[in-house]
Amino acid sequence: MKQNERKNVIRKPRRPPPLTKAPTGIQGLDELTGGGLPRGRPTLLCGSAGCGKTLLAMEFLVRGAMEFGEPGVFMAFEEDTTELVTNFASLGHDLKALVARKKLVLDFVHIERSEIEETGEYDLEGLFVRLGHAIDSIGARRVVLDTIEALFSGLSNSTILRAEMRRLFRWLKEKGVTAVITGERGDTRLTRYGLEEYVADCVILLDHRVEGQMATRRLRIVKYRGSTHGTSEYPFLIDEGGISVLPISSTGLTHVAGTERVSSGVPRLDAMLGGKGFYRGSSVLVTGTAGTGKTSLTAHFIHAATARGERCLWLAYEESSSQITRNMRSIGIDLEPPVRRGTLRFHAVLPSICGLEMHLVTIHKLVNQFRPRIVVLDPVTNFAALGSGAEVKAMLTRLIESFKTHQITAMFGSLTMGGTPLEATDLGVSSLMDTWLLLRDVQNGAERNRFLQIVKSRGMSHSNQMREFLLTDHGVELLDVYVGPSGLLLAGGAREALEAQERAQALVRGQETEAKKRELESKRQAMKAQVAVLQAEFEVEQAEVSTTIGQDRTRAGVLAGDRDQMARQRQSDARAAGKTPRHK
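Residues numbered from 1 in each chain as written. Predicted model: local features only at pLDDT ≥ 70, side-chain atom pairs only at ≥ 80, totals over all residues. Heavy atoms only, no water.

A. Expanded view of the sheet that holds strand S20 (residues 447-457). In space, the nine strands of this open sheet follow the order S16-S15-S17-S18-S14-S19-S20-S21-S22, with mixed pairing throughout. This sheet does not close on itself; its edge strands, each paired only once, are strand S16 (344-348) and strand S22 (475-478). Each adjacent strand pair in this sheet contributes to an overall mean axis angle of 25°, direction not counted. Pairing analysis gives 10 bridges linking strand S19 (residues 435-444) to S20, with the strands arranged antiparallel. From the neighbouring strand, Trp 436 faces S20, where its bridge partner is Lys 456. Packed on one face of the sheet, helix H11 (residues 294-307) meets strand S14 (283-288), strand S15 (312-316), S16, strand S17 (374-378), strand S18 (409-415), S19, S20, strand S21 (467-472) and S22 and runs near 160° to S15. Here helix H14 (residues 356-370) sits on the sheet and contacts S15, S16 and S17; the angle it forms with S15, its principal contact strand, is near 160°. (Pairing = 2+ DSSP bridges. Helix = DSSP H or I, 4+ residues; strand = E, 2+ residues; numbered from the N terminus. Axes fitted to C-alpha atoms, helices over the stretch in contact; angles between N-to-C directions. Contact = heavy atoms within 4.5 Å.)

Spelled out as structure tokens, the structure:
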């Protein structure tokens, strides 16, 4: 290469190595943080009382020891070790067993504010020695300090406080441990002292708020040095299994749309849907007023799926599982066998027990645990009391995207009010759905009839007819379309009257046809008789003619013989005798 060409070569700058992370093992949190907390660096976990700081920090240690082979040290300044063991046993964590296996160290440091006196210099040398010994005793890779306010509760000198706090964070980094430090949230700042967030590499804020008498826990990653992360607020749930966070960080619609089809459970409805049913992984909306058959249609869908051996999750927000099972048995659908087999699971709760975010997290957790192929939410309109239309729509949008990502076919029941516009009754989510089934009650005289219509079904040809259906002993039965002389769809008594009229007309036409057949057969027999008579007459005439002809021939022969004989007797000339004379 020439010298001037070498000068023109632009070397690409070396990319710094990516930040290594310690996975938390907490459902959803690793996804939000892109893999976990910064390894070998301190993370500040702040929030008000009761928001779950201690639980999240302890779960980080327990899962690290059990799932990732990283022992941990939990140093508490407010709860002693006995209280910690008892509290976390209710969440399924056996801390004593981990301590016995040298996977965990629990250390309680009692600090009394009245015993702390600012007399000269104040440092954390004693804490460093105690904490360092605990780390070295089991080769700990993770450390939790709970809470930092208790450690500095007796200090008011901000200069000393700031210096020691920075020294603590620097010491933890030098030890190479992944540390979590919990802190109480201040009135106007993230923490009470307003200092910790500036020295921590990662800051996570937990919040426990009450809105409209509904308590909700939320998590937000305030900062994360050297890493991308989710920046919104995310609901999280605390239950018997610990903490689970529902991340909604993905904004791209990247789910794969499959071509597999699943039956609706009603053969004639499948025929209306291009002959094959719904797409696998699609969202189906079933709307209608009370009593139109939404739950019955849903039960058909569930029954067909469990018959194929697929797992189904029924989220009921209006009826208990026992009531649903009893009611569906009246139309010939028995849901108890799939429940016993474990292919059908009910989750029946009142929507008012928690807010929208908690319902969202609960559904997400149930899906991850049960791994269903079919999910039913009936009815989603009960969520309207928990938030505005926009909030409910946002929740359902998240659910639908999550279901599509996992190729789960979801059916949403939506209660409509009589006489309202089509779009004003389904929380404005019909645009999110792939298939929309509309059920209607139509009053005709003194009777009420049910109709089904496919408003839309993306990606497939489908019927545009409105079909009447009945709830029978063997389930939903779609009926044939009957149109009256005026071109209007007939149902109920009008349809039955038309059917009776058509049957009567068919009977009359049948009778007329039979009469014509009999008349034709009579004519055929008469013609056959006439032909037989003519044939007999012909044969008689033929015989007579044959006789006459024979007699004539006989008579002619006799006459000829008589003439020859008479000629011979009379010795007539040779010509007359039939001889030719000779010439000499």
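So that's the structure; there's more coming.
B. Here's a closer look at the pattern of salt bridges. Across all of its chains, the model carries 24 salt bridges by this definition. Residues Arg 39 and Glu 70 are paired through a salt bridge, measuring 2.7 Å at the closest nitrogen-oxygen approach. Here the residue Arg 39 occupies a position in the loop between strand S2 (37-38) and strand S3 (42-47), and Glu 70 occupies one in the loop between helix H3 (53-67) and strand S4 (72-76), the gap between them amounting to 31 residues. Its relative accessible area of 27% is what places Arg 39 among the partly exposed residues. Two residues, Arg 41 and Asp 201, come together in a salt bridge whose shortest N-O distance is 3.4 Å. Of this pair, Arg 41 sits in the loop between S2 and S3 while Asp 201 sits in the loop between helix H9 (196-199) and strand S8 (202-211), and the two are 160 residues apart along the sequence. One salt-bridge network, in which partners are shared between bridges, spans Arg 41, Lys 173, Asp 201 and Arg 225. (Salt bridge = Lys/Arg side-chain N within 4 Å of Asp/Glu carboxyl O. Buried < 20%, exposed > 50% of the residue type's maximum accessible area, 1.4 Å probe, protein only.)

C. Main features of the side chain of His 93. Here His 93 lies in the loop between helix H4 (81-89) and helix H5 (95-100). Not counting the four nearest positions on each side in its chain, His 93 is found in contact with Glu 59, Val 62 and Phe 88.

D. Region of the structure containing the packing of H14 against helix H15 (residues 389-405). Direction vectors running N to C along H14 and H15 enclose 10°, while the axes themselves pass 10 Å from each other. Taken together, the axis directions place H14 and H15 in an arrangement best described as roughly parallel. The two elements H14 and H15 meet at a crossing, and its hand is right-handed. Each of Leu 356, His 359, Leu 360, Ile 363, His 364 and Val 367 in H14 lies in contact with H15, whose residues at this interface are Glu 391, Val 392, Met 395, Arg 398, Leu 399, Ser 402 and Phe 403. (Parallel < 35°, antiparallel > 145°, perpendicular 65-115°, else oblique. Left-handed = near helix turned anticlockwise from the far one by under 90°.)

E. Spotlight on the pairing of strand S5 (residues 104-108). Most of S5 is tucked away: four of the five residues are buried. One ladder, built from five bridges, connects S4 with S5; its direction is parallel. Bridge pairing in S5 links Ala 76 to Phe 108.

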